[in-house]
Amino acid sequence: QVQLVESGGGLVQAGGSLRLSCAASGRTFSSYAMGWFRQAPGKEREFVAAITWIGGTTYYKDSVKGRFTISRDNAKNTLYLQMNSLKPEDTAVYYCAARTRGSVVITIAGVYDYWGQGTQVTVSS
């Protein structure tokens with residue numbers, strides 16, 4: 001089993017920044033890719049960003065490109081999401097996810113094997 005624990009959420013004014021972290025643990029943590037997703041009230045969970053664990057190839061939702069940066073620390077088994085220039089429409093519960101096997105697509109929720117419990121991000125206008 002793999003456990004994922006997010007942290008770093010909170011309340012911030014529009015234009016501000018937050019950094020989310022996702023600590024991964026388990027008997028033997030080995031991930032092909034990890035990603036961040038978010039879900040706002042009344043909406044479906046949506047892709048935000050993803051990264052391959054070894055090569056570090058990144059993918060972003062168009063609306064966060066240039067504002068959010070996904071990164072990972074392989075030694076610490078930790079995933080990060082640096083969020084700058086936050087907007088009220090970024091308000092959501094943010095989840096990290098891990099996929100342990102290779103995949104052509106890592107931008108959809110259905111390919112991920114493990115999920116964290118989520119952390120709330122609220123951006124006030």
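Residues numbered from 1 in each chain as written. Predicted model: local features only at pLDDT ≥ 70, side-chain atom pairs only at ≥ 80, totals over all residues. Heavy atoms only, no water.

Chemist: Go over the state of the cysteines, please, and point to the residues and values.
Modeler: Within this structure, the stated rule accounts for 1 disulfide. A sulfur-sulfur distance of 2.0 Å marks the disulfide that ties cysteine 22 to cysteine 96. Here the disulfide of cysteine 22 and cysteine 96 is right-handed, its torsion about the S-S bond being about 45°. Of this pair, cysteine 22 sits in strand β3 (residues 18-26) while cysteine 96 sits in strand β9 (residues 92-99); the two residues are 74 residues apart in sequence, bridging distant segments of the chain. Judged by its relative accessible area of 0%, cysteine 96 falls in the buried class. (Disulfide = S-S within 2.5 Å. Helix = DSSP H or I, 4+ residues; strand = E, 2+ residues; numbered from the N terminus. Buried < 20%, exposed > 50% of the residue type's maximum accessible area, 1.4 Å probe, protein only.)

Chemist: Break down the side chain of arginine 67 for me, with residues and values.
Modeler: Turning to its location among the elements, arginine 67 is positioned in the loop between β6 (58-60) and β7 (68-73). At 2.8 Å, the side chain of arginine 67 and the side chain of aspartate 90 are in polar contact. Beyond its immediate sequence surroundings of up to four residues, arginine 67 is in contact with Gln82, Met83, Asn84, Ser85, Leu86, Lys87 and Asp90. (Polar contact = N/O pair within 3.5 Å; in protein donor to acceptor, adjacent residues only side chain to side chain. Contact = heavy atoms within 4.5 Å.)

Chemist: Please set out the pattern of salt bridges residue by residue, giving values where relevant.
Modeler: If you walk through the whole model with that rule in mind, you get 6 salt bridges. Its salt-bridge partner being aspartate 62, residue lysine 65 comes within 3.1 Å of it at the nearest N-O pair. With respect to class, lysine 65 is no different from aspartate 62; both count as exposed. Connected via shared salt-bridge partners are Arg38, Glu46, Lys61, Arg67 and Asp90. (Salt bridge = Lys/Arg side-chain N within 4 Å of Asp/Glu carboxyl O.)

On their own, these measurements won't tell you what the molecule is for.
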